[in-house]
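Residues per chain, in single letters:
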Amino acid sequence: MDILLVDDESYVTESLEATIPWEEMGIRHVYRTDSAAGALQLLQSHPVDILVTDIRMPGMDGLELIEKASEKWPEIRSILLTGYSDFQYAKKAIQLQAQDYILKPVDDEEFIKSVNQTVEAIKEREKETDKYHQLMYQRKSDYVLLRENMLQGLLLGTPHTLSRVKQQLQDYEIPLQTDVESLMILVQLNQGFMDLDPKSRVLIEYAIGNISEEILGTNYKVWQGRTPHHCLAVLIQTDNTAGLEMEMEDKDRRQLYSLLRTFQENVRQYLHGDVSVIISSSFQFPNDTSTVYHQMLNSMYLASTDEEAAVLYSPQDSYRALSGASKEVFNLLYKPPVLQQLLELGQWRSVRDKLGEVFDVIDRHPVSREHMYEIYLAIINACLYITHRTDIRISELDVHGMEPHHVERLIQYPAELRNYTFRILDKLEEDQQNKPLSKGYIVKQVKDLVASEYGYELTVKIIADRVFLHPVYLSKVFKAETGEGLSEYLIRIRLEKALYLLKHTNKKIYEITSELGYQNPQYFSKLFKKHFGMSPNEFREQ
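Criteria and cut-off values
- Residues numbered from 1 in each chain as written.
- Predicted model: local features only at pLDDT ≥ 70, side-chain atom pairs only at ≥ 80, totals over all residues.
- Heavy atoms only, no water.
- Helix = DSSP H or I, 4+ residues; strand = E, 2+ residues; numbered from the N terminus.
- Buried < 20%, exposed > 50% of the residue type's maximum accessible area, 1.4 Å probe, protein only.
- Contact = heavy atoms within 4.5 Å.
- Areas by Shrake-Rupley, 256 points an atom, 1.4 Å probe, with all protein chains shown as cover.
- Salt bridge = Lys/Arg side-chain N within 4 Å of Asp/Glu carboxyl O.
- Pairing = 2+ DSSP bridges.
- Right-handed = clockwise from strand over helix to strand, strands pointing away.
- Expected span 1.5 Å × (residues − 1).
- Core = buried A, V, L, I, M, F, W, Y, C linked by side-chain atoms within 4.5 Å.
- Axes fitted to C-alpha atoms, helices over the stretch in contact; angles between N-to-C directions.
- Patch = residues over 30% accessible without salt bridge, like charges linked within 9 Å, V, L, I, M, F, W, Y side chains within 5 Å.
- Lys, Arg positive; Asp, Glu negative; His and termini not counted.
- Charge placed at Lys NZ, Arg CZ, Asp CG, Glu CD.

**A look at the overall build of the protein chain**
Along the protein chain, the regular secondary structure elements total 23 helices and 11 strands. Considering the protein chain as a whole, with its 542 residues, one finds that 46% of them fall into the buried category. A fraction of 69% describes how many contacts in the protein chain between residues 6 or more apart in sequence connect residues 24 or more apart. Within the structure as shown, the protein chain displays about 29000 Å² of accessible surface, and the carbon and sulfur contribution to it stands at 49%.

**A look at the pattern of salt bridges**
With the rule as written, the count across this model stands at 19 salt bridges. When the shortest N-O distance is used, the salt bridge between D426 and R352 registers 2.8 Å. Of the two residues, D426 is situated in helix α16 (residues 414–434) and R352 in helix α12 (residues 348–364); the sequence distance between them amounts to 74 residues. The salt bridge partner of R492 is E484, with a shortest N-O separation of 2.9 Å. Of the residues examined, R492 reaches a relative accessible area of 24% and is grouped as partly exposed. Within this structure, D7, E9, D54 and K104 form a network of salt bridges that share partners.

**Considerations on the pairing of strand β3 (residues 50–54)**
Of all 5 residues making up β3, 5 are buried, and the element is well covered by its neighbours. Both faces of β3 are covered, namely the face carrying I50, V52 and D54 and the face carrying L51 and T53. Bridge analysis of strand β1 (residues 2–6) against β3 gives 4 bridges, and the strand direction is parallel. Looking at β3, one finds that L5 is bridged to V52. Assessed by its sense of winding, the connection that carries the chain from β3 through helix α3 (residues 62–72) to strand β4 (residues 77–82) is right-handed.

**Overview of helix α20 (residues 486–504)**
An ideal rise of 1.5 Å per residue puts 27 Å on 19 residues; α20 measures up with 27 Å between its terminal C-alpha atoms. Among all positions of α20, only L486, Y489, L490, I493, R494, L495, A498, L499, L501 and L502 are buried.

**Concerning the nonpolar core**
By size, the foremost hydrophobic cluster in this structure holds 36 residues, and its most contacted members are L333, L343, L355, I375 and L417. Mapped onto this core, the elements with two or more residues apiece are α10 (324–334), α11 (339–345), α12, α13 (369–389), α15 (404–412) and α16. In terms of residue count, the dominant contributor to this core is α13 (11 residues). Beyond its immediate chain neighbours, meaning those up to four positions away, L343 contacts W348, V351, A382, C383, I386, L425 and L428. Formed by 26 residues, the second largest nonpolar core is a distinct cluster that contains Y220, V222, V267 and V277.

**Here's the deal with the pairing of strand β9 (residues 275–279)**
Here β9 lies mainly inside the structure; 5 of its 5 residues are buried. Along β9, one buried face is formed by V275, V277 and I279 and the opposite face, lined by S276 and I278, is buried too. Where strand β6 (residues 180–189) meets β9, 5 bridges bridge the pair, whose relative direction is antiparallel. Bridge pairing in β9 places I185 opposite I279. Note: β9 against strand β11 (residues 311–312), 2 bridges, orientation parallel. Of the residues in β11, the one forming a bridge with V277 is V311.

**A closer look at the sheet that holds strand β2 (residues 29–33)**
Ordered in space as β2-β1-β3-β4-β5, the 5 strands form an open sheet in which the pairing is parallel. Across the chains shown, the open sheet's two edge strands, defined by having one partner strand only, are β2 and β5 (100–103). Geometrically, the sheet is characterised by an average inter-axis angle of 15 degrees between neighbouring strands, direction not taken into account. Packed onto the sheet, helix α1 (residues 10–19) meets β1, β2 and β4 and runs at close to 170 degrees relative to β2.

**Things to note about a negative patch on the surface**
On the surface, a cluster of negative charge is made up of D107, D108, E109 and E110. The topology assignment puts E109 in helix α5 (residues 108–156). When its relative accessible area of 66% is taken as the criterion, E109 is described as exposed.

Put into structure tokens, the structure is as follows:
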């Protein structure tokens, strides 16, 4: 703390400066002057916590000095010195809220005691001030959370009453009004922000929200906050109680467009990232908030990825049509053999070639986010099928796994999805080479099914359905792995079972025929003789 000593008799202030243990009392600087005018001039350039002044001085007296100093620096604390024990002086000092009143000649112990009490009073005031600021900060933090919870509830369609919304708007100091035409602006974080961890993303979203308030708040009432779907929602109303007209005039549209472009530029300049925005049509707040929000989400996902830095107006039906590029991508993606089949066969080069063609088309002609999501699902489902069949997890191949913010980035940026896909394929191939299992595992599944007690009722199609493969593809895999066709294998297993039943039971041939799934005993006998060189009767009689 700093102290200023004022007395026209300079020996008084010199003595106090020299004899008082200032450092022990927590005083850092001691300033001196011999007039009230000099004191006011010094206070202009030096922050002072305690003012000690004589009352009787030529020109401006000490009481007037305290009054002027208190008006300009209300936090300053004052102690009066005087050689006159006049009650009027004491009364005036009390009115000016002086900390203490000391008679001359000054007793050092009394002076030290008075200054210490003043120091403690200042410290106590600072504690109260800090406490107040902490409470205000906590109140502001609570308001941020309460406002965000309220906004997300309205966006998601949580049931509410109009009176409840009105009360919350008032309680949370939100400037919007109910039953007023409003606009909603969704803000999507793009390049520069997608690599942020969740904690950093929250901070950036708050910063972007504050920028939107600063820019749009010059012309509109603004309420902004984070949404449950990884974007920001900004609700705006005009100061006119009639609200926004259902159809914005051209000049209003141009004005809003200009403000949003300024908003985007400020985000890019100060936060080093890009955002895209989409603007709703006018709607009634709060009743239509959820409906409009979900319509805008669909529009955001349907908007092409090359428009990520644009300012877009309400949903465009043209986004809903499947573009030529999308058709080409899906034709390539779902053309047999599909990804799952190629992965099971270990045809890694074919998998990469197939996906390389898909991503090349996307690079030339960007597709909508909705279609990017379908492409992601097709790729990840094929990989999941293989990883689950081989007792590993996708998170073992990539630490991010399928975390929502990670998936959002993959859908947003095709290059990210390409890199992620080929990185997963590299690790998956390495794992499969260390644990070769694919074709052998399929054969084992087939043999386990046939060996079951109901196996003799199985057909190639039924087996293929059970192992989730196409019958032709399954037959090729089985033939390549065992050297025997799947149909031939089923016949052989049944005939071997027939040998056992003929040899170890007294069942009639037609009973055995029926048990093995053959409806025609003559056909069964023909197969049996072709395979073993004798009929069932000849085998039993030998």
